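Observations on chain architecture
Okay, here's what each chain looks like letter by letter:
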Amino acid sequence: MYPGAVRVRGRVHEAGGGVYRIRLQDDREIEASLRGRLKQQRRTGSRVVIGDIVTVGSSGDAWTIESVEERSTELVRRGRGGRAPKLLAANLDKAFMVVSAKNPDATVQLIDRLLMLGEASGMQSILVINKLDAPGAPEVEAIFAPMYQTVGYEVLSVSAETGVGVELLCQRMCEGTSTLIGPSGVGKSSLLNAVDPELELRTGELSRKTQTGRHTTVSSRIISLACGGLVADTPGFGDVALWGVAPEEIAACFPEFAGPSELCRFRGCTHVHEPDCGVRAALEAGDIFDSRYQSYLTARVEAEEAR
Ligand SMILES: Nc1nc2c(ncn2[C@@H]2O[C@H](COP(=O)(O)OP(=O)(O)OP(=O)(O)O)[C@@H](O)[C@H]2O)c(=O)[nH]1
Ligand SMILES: [Mg+2]
Ligand SMILES: [Zn+2]
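All residue numbers here refer to positions counted from 1 along the written sequence of the relevant chain. Each chain takes a letter, starting from A, and each ligand takes a number, starting from 1, following the order in which they are written. Totals for whole chains, interfaces and linings use all residues, but because this is a predicted model, local features are given only for residues with pLDDT of at least 70 and pairs of side-chain atoms are given and counted only at 80 or more.

Considering the overall build of the chain
We count it as follows: Under the DSSP-based scheme used, a helix requires at least four consecutive residues in state H or I and a strand at least two consecutive residues in state E, with every element numbered from the N terminus. A radius of gyration in this sense is built from C-alpha atoms; the matching globule rule multiplies 2.2 Å by the number of residues raised to 0.38. Here the contact rule is simple: place C-beta atoms from the backbone, and any two residues whose C-beta atoms are within 7 Å are in contact.
Across its full length, the chain carries eight helices and 13 strands. Here the C-alpha radius of gyration of the chain, 21 Å, is about what a compact globule of 307 residues would show, namely 19 Å. C-alpha atoms of the chain, sized along the principal axes, occupy 70 × 45 × 35 Å. Counting only contacts in the chain whose residues sit at least 6 apart along the sequence, the fraction spanning at least 24 positions is 63%.

Below is the structure:
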């Protein structure tokens, strides 16, 4: 350090093209680049992402990120082709897992994948079922909402179009730091606009043929809501898959397995073939949903293949 140099802590709100937009502790917003040493680390996977708490230094008008603090949560998903992991965001404590009841239609497979991703990332997940106004949506909502409440998740049924449920969503978003996650076209950006109309985020048309989105949001960024909450808008992802989760860790991504698995005869029971398995007993008794158990089996097979 030399006279005139400053070092400040801040949080990365946006990252792209080697430029990082950072909100400093004193609420100033600056742009910084990565220091050479950190650029090298970036190649080995520990790159700087939105949500990271960093120390930036300035010795004039240029800011550089000098260090990155240890992360409390990491949102990681599998990269294209199932190879390298992709770190999406850090230090977010809540995830709004957004699906639309209709157009595109939600499925239990999709919802389970999103919830597994949240559990594996160490974030608290809230399931958001959007487009409640669409024809046929209330029927879908009437199946999924009670189902996932039984599993133990908070479920918010909303419509960005009519504003139904948006007040409660807003209340949840105003607490702490969170992110919206879900496929393209389900209305993540529309919901943020409904919560805070001044944001004027771009939203997209659905493909007429497939009723899916067209990746309107192209990069993740953290938005400061007027109420004080921080929320990340992320591009929708089609391929929601877990990365780096070992087969034996998958059960922990299903909160309703915890109690029943205490009754398994064998320690380290996979809940697939062992005798006297508490999880399968709960399944047979109807205390665990068939579709959830199927999602568990599918995720285990995928994790085995990725090993
Ligand atoms: N009927 C209805 N349409 C909605 C609702 N919310 C969003 N939409 C429409 O769904 C389309 C996609 O909305 P976006 O907000 O761009 O979706 P997104 O999840 O941000 O999509 P990506 O940025 O591509 O990941 C737009 O045409 C919206 O107008 C809703 O509550 N009801
Ligand atoms: Mg969007
Ligand atoms: Zn078992």
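There's plenty left to go through after this.
Points about the site of ligand 1
Here is the rule we go by: Note on definitions: a residue is near a molecule or strand provided its C-beta atom, placed from the backbone, lies within 6 Å of it. Here the nonpolar group is Ala, Val, Leu, Ile, Met, Phe, Trp, Tyr, Cys and Pro; Asp, Glu, Lys and Arg are the charged ones; every other residue, Gly included, is treated as polar.
The local shell around ligand 1 holds 24 residues, among which Gly187, Ser190, Thr203, Thr217 and Gly236 are the closest. If one sorts the elements of the shell around ligand 1 by residue count, helix α5 (residues 188-195) sits on top with three residues. Class assignment for the residues of the shell around ligand 1 results in five nonpolar, 14 polar and five charged.

Digging into the domain arrangement of the chain
Operational definition: Each domain span listed reflects an automatic or database assignment of domains.
Per the domain assignment, the segments of the chain are domain 1 (6-68), domain 2 (74-233) and domain 3 (247-306). Using only C-alpha atoms to locate each centre, domain 1 and domain 3 end up separated by 42 Å.

Comments concerning the packing of helix α4 (residues 166-173) against α5
Each packed pair of helices is defined by two parameters, the angle between the axes and the distance between the axes. Note the threshold: For helices, the axis comes from a line fit to the C-alpha atoms of the stretch in contact; other axes are also lines fit to C-alpha atoms, and the angle between any two N-to-C directions lies between 0 and 180 degrees. Angular relationships are summarised with four words: roughly parallel below 35 degrees, roughly antiparallel beyond 145, roughly perpendicular across 65 to 115, and oblique for the angles in between.
Close contact between α4 and α5 brings their axes to 9 Å; oriented N to C, the two are set at 90°. Accordingly, the angle class assigned to the pair α4 and α5 is roughly perpendicular. Contacts from Val166, Leu169, Cys170 and Met173 of α4 reach α5 at Leu191, Ala194 and Val195. For the contact of α4 with α5, the residue count by class is seven nonpolar, no polar and no charged.

What about the environment of Glu161?
To keep it simple, the criterion reads: In this scheme every C-beta is placed from the backbone, and a residue whose C-beta has 20 or more other C-beta atoms within 10 Å is buried, one with 12 or fewer is exposed, and one in between is partly exposed.
Structurally, Glu161 can be placed in the loop between β10 (154-157) and α4. With 14 C-beta atoms counted inside 10 Å, the residue Glu161 sits in the partly exposed group. For the pair Glu161 and Lys131, spaced 30 residues apart in the sequence, the C-alpha separation amounts to 7.2 Å.

Re the environment of Pro197
Note that Pro197 resides in the loop between α5 and β12 (221-224). Exposure remark for Pro197: the 8 C-beta atoms within 10 Å place this residue in the exposed category. When the C-alpha positions of Pro197 and Ser184 are compared, they lie 20 Å apart, and in sequence the two are 13 residues distant.

Comments concerning α5
For α5, the tally of buried residues reaches seven of eight residues, placing the bulk of the element in the interior. Within the sequence span of α5, burial applies to Lys188, Ser189, Ser190, Leu191, Leu192, Ala194 and Val195. Here the buried face of α5 lies against β8 (94-100), β9 (124-130), α4, β11 (177-181), β12 and β13 (230-233).

What to know about the pairing of β9
Regular strands place their side chains on alternate faces of the sheet. Going by this rule: By this definition, two strands are paired if DSSP reports at least two bridges between them. With the strands pointing away from the viewer, any crossover whose connection runs clockwise from the first strand over the helix to the second is right-handed.
The buried count for β9 comes to six of seven residues, which makes it a mostly enclosed element. In terms of strand pairing, β8 meets β9 through seven bridges, oriented parallel. Counted as the bridge partner of Val99 is Ile129 from β9. Once the chain exits β8 it traverses helix α2 (residues 108-121) before rejoining the sheet at β9, and the crossover so formed is right-handed. Bridge analysis of β9 against β10 gives four bridges, and the strand direction is parallel.

Some points on helix α8 (residues 290-306)
Threshold: Here a helix's expected span is defined as the number of its residues, less one, multiplied by 1.5 Å. What the arc describes is the spread of directions from the helix axis to the C-beta atoms.
When the terminal C-alpha atoms of α8 are compared, their 24 Å separation across 17 residues agrees well with the 24 Å that a helix rising 1.5 Å per residue should span. When α8 is considered as a whole, its buried residues turn out to be Arg292, Ser295, Tyr296 and Ala299. Taken around the axis of α8, the buried residues stretch over an arc of 105°, which confines them to a single face. Across from the buried face of α8, at angles greater than 90 degrees, the exposed residues are Asp290, Glu304 and Glu305. In the core, the buried residues of α8 are packed alongside α2 and α3 (137-151).

Section: the pairing of strand β4 (residues 53-58)
Across six bridges, the pairing between strand β1 (residues 6-16) and β4 is antiparallel. Looking at β4, one finds that Gly10 is bridged to Val54. By the bridge criterion, five bridges tie β4 to strand β5 (residues 63-68) in an arrangement that is antiparallel. Across the sheet, Ser58 pairs through a bridge with Trp63, a residue of β5. Taking the residues that link successive antiparallel strands as the turn, the β4-β5 hairpin has four residues, and the phi of Gly60 there is positive, at about 155°.

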